[in-house]
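Chain by chain, the residues:
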Amino acid sequence: MGKTLTEIAQELKNSEKKVQLIYAFNGTGKTRLSRAFKELVSPKHEEEEAQDGDTGVKVLYYNAFTEDLFYWNNDLEKDTDRKLLIRSNAFTEWVLQDEGQDRNIITNFQHYTNDKLTPYFIKNNDKVYNGVSFSIKGGNEEQIDNIKISRGEESCFIWCVFYSLLKEVVEVLNVPEPEDRPTSKFDDLEYFFIDDPVSSLDDNHLIELAVDVAELIKSSQSNLKFIITTHNPLFYNVLFNAFNTADSRYSYKPKHSVKKHLEKLDDGTFLLTDAKDSPFSYHLALLTELNNAIISDDIQKYHYNFLRNILEKTATFLGYGNWGELLPAESREAYCRRINLYSHSRHSGEESSIVKEEDKRVLTYLVKEVLIPQYHFHSIVDHK
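All of the points below concern the structure found in this document. Because the structure is predicted, anything quoted here is derived from the model rather than measured.

1. A closer look at the sheet that holds strand S8 (residues 191–195)
Move 1: Taking strand neighbours across the sheet as the criterion, the six strands line up as S2-S8-S9-S1-S10-S11 in an open arrangement whose pairing is mixed. Only two strands of the sheet have a single partner each, and these edge strands are strand S2 (59–62) and strand S11 (270–274). Sheet twist, expressed as the average angle between the axes of neighbouring strands with direction ignored, equals 20°.
Move 2: Taken strand by strand, helix H2 (residues 30–41) contacts S2, S8, strand S9 (225–230), strand S10 (257–264) and S11, and its axis lies near 165° from that of S8.
Move 3: Sitting on the sheet, helix H7 (residues 151–173) is in contact with S2, S8 and S9, with an inclination near 155° to S2.

2. As for the packing of helix H12 (residues 332–342) against helix H13 (residues 357–374)
Move 1: Running from amino to carboxyl end, H12 crosses H13 at an angle of 115°, the nearest separation of the two axes being 12 Å. Relative to H13, the element H12 lies roughly perpendicular. Considering the relative orientation of H12 and H13, their crossing is left-handed. Every residue of H13 that contacts H12 at Tyr335, Arg338, Ile339 and Tyr342 is listed here: Glu358, Asp359, Val362, Tyr365 and Leu366.
Move 2: Of the residues in the contact of H12 with H13, the class split is six nonpolar, no polar and three charged.

3. Let's talk about the packing of aromatic side chains
Move 1: Scanning all chains against the criterion turns up 21 aromatic pairs.
Move 2: On the numbers, 5.6 Å between centres and 50° between planes, the contact of Phe37 with Phe193 is tilted. On the criterion of sequence distance, the pair formed by Phe37 in helix H2 and Phe193 in strand S8 is long-range, its members being 156 residues apart. Like Phe193, Phe37 is buried.
Move 3: A ring pair is formed by Phe162 and Phe192, whose centres lie 5.7 Å apart and whose planes are at 90°; its orientation type is edge-to-face. Placement of Phe162 in helix H7 and of Phe192 in strand S8 is noted, with a sequence separation of 30 residues between them.
Move 4: When its relative accessible area of 0% is taken as the criterion, Phe162 is described as buried.
Move 5: When its relative accessible area of 0% is taken as the criterion, Phe192 is described as buried.
Move 6: One Lys or Arg, Lys148, reaches over the ring of Trp72 and ends 5.1 Å from the middle of that ring.

4. Comments concerning the pairing of S10
Move 1: Pairing between strand S1 (residues 19–23) and S10: five bridges, direction parallel. Counted as the bridge partner of Gln20 is Val258 from S10.
Move 2: Hairpin connection, S10 to S11: the antiparallel pair is bridged by five residues, and Gly268 has positive phi, about 90°.

5. Things to note about the packing of helix H1 (residues 5–14) against H2
Helix packing for two helices is described by the angle between their axes and how far apart those axes are.
Move 1: Viewed as axis vectors pointing N to C, H1 and H2 meet at an angle of 65°, and their least axial separation amounts to 9 Å. As for the relative orientation of H1 and H2, their crossing is right-handed in sense. Where H1 abuts H2, its residues Leu5, Thr6, Ile8, Ala9, Gln10, Leu12 and Lys13 lie against Arg32, Leu33, Ala36, Phe37, Leu40 and Val41.

6. Details of the nonpolar core
Considering soluble globular proteins, one finds that nonpolar side chains tend to be buried as a cluster.
Move 1: If you look at the biggest cluster of nonpolar residues, it comprises 92 residues, and the most contacted ones within it are Phe157 and Leu307.
Move 2: Counting residues per element, this core draws most heavily on H7, at 14 residues.
Move 3: Leaving out residues up to four positions away in the same chain, Leu307 has contacts with Leu290, Ile339, Leu363, Leu366, Val367 and Leu371.
Move 4: Within the second largest apolar cluster, 18 residues are counted, among which are Ile8, Ala9, Leu12 and Phe270.

7. Observations regarding the environment of Leu206
Move 1: Here Leu206 is to be found in helix H8 (residues 203–219).
Move 2: We classify Leu206 as buried; its relative accessible area is 0%.
Move 3: Separated by 50 residues in the primary sequence, Leu206 and Cys156 have C-alpha atoms spaced 9.8 Å apart.

8. Re the environment of Leu84
Move 1: Tracing the backbone shows Leu84 in strand S4 (residues 83–86).
Move 2: Judged by its relative accessible area of 0%, Leu84 is buried.
Move 3: Sequence-wise, Leu84 and Asn146 are 62 residues apart; in three dimensions their C-alpha atoms are separated by 9.8 Å.
Move 4: Leu84 has contacts with Phe70, Tyr71, Trp72, Gly131, Val132, Phe134, Glu154 and Phe157, leaving out every residue within four places of it along the chain.

Calculation rules
Residues numbered from 1 in each chain as written. Predicted model: local features only at pLDDT ≥ 70, side-chain atom pairs only at ≥ 80, totals over all residues. Heavy atoms only, no water. Pairing = 2+ DSSP bridges. Helix = DSSP H or I, 4+ residues; strand = E, 2+ residues; numbered from the N terminus. Axes fitted to C-alpha atoms, helices over the stretch in contact; angles between N-to-C directions. Contact = heavy atoms within 4.5 Å. Parallel < 35°, antiparallel > 145°, perpendicular 65-115°, else oblique. Left-handed = near helix turned anticlockwise from the far one by under 90°. Nonpolar A, V, L, I, M, F, W, Y, C, P; charged D, E, K, R; others polar. Phe/Tyr/Trp six-rings, centres within 6.5 Å; stacked < 30°, edge-to-face > 60°. Buried < 20%, exposed > 50% of the residue type's maximum accessible area, 1.4 Å probe, protein only. Lys NZ or Arg CZ within 6 Å of the ring centre and 35° of its normal. Core = buried A, V, L, I, M, F, W, Y, C linked by side-chain atoms within 4.5 Å.

Rendered as structure tokens:
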């Protein structure tokens, strides 16, 4: 029997799990669920009362409403002074004014996009952050100012605003004794609700973002709880596998998470069910794409991301603790290093898609001679 979104939100609130990962098709109602959950945990009147003392905030969320806090002034008259404007509210004031996260936001943004692309925060006469302009360095170190960034870069920037605060909250609350923390502003926080932070991102950055989010959440030692909803199968897959794997560096265990599917029924109600396995078919689609790229001799850097993603899923599916264990033992460290270099945007040649011939040979070997035959994908792709 179906439930209302408020009833689903109550079910999420009742859970004792540290992480709840939810997959749902686009348009199912994930954003409305995040709002219903927020209202359930922290009604608006409580937030208004709490703001006077700068405490009492129980839930922070990232969703479409977060993205709506940022909008473009394209300077249509002169076409020169383009900037992304910031609507001032409790969230943006907290991140920028109170916590001074502008430097961290820039660092995270450049990490996921391009170190030559730089945001500059703009303050009004009252020293309040009210906009961002962007510049990029071209050839011969020439700087082009006030550029209009792409939709994917804009989405990534807004996510980095939220992510920078998320990182700080986790680090501060990891200090066990409240009196030893550098600030008490986060002491009442109970939940982070993250709804689809992957809009318009390419697969390279999507995978890296998912890995970083999972690691940050695993590192959380406080009572913070995390709810993540997404309609993106790749993002869900990477998180699913990451949360299914323990990490010796942290106290996190797979039992601390639960994976679910949210479905909208014909009568307008909703059904939240446990997911026993990730949508493994996406992993097979990536393998087919890899095989086709090898056959057509069109291997690009992002194909190493595909390879790592497949290795992660296969390792989890087969019960290995680390994807590197699937690689030949005699050269395992070298293979892992090569895969990591190509599957992270910090690789020095990130602005170029060119793959060296030796790296093409290695990828071909790992797919054709290791992954497909040793892990029995013969019936999935033609590897002859």
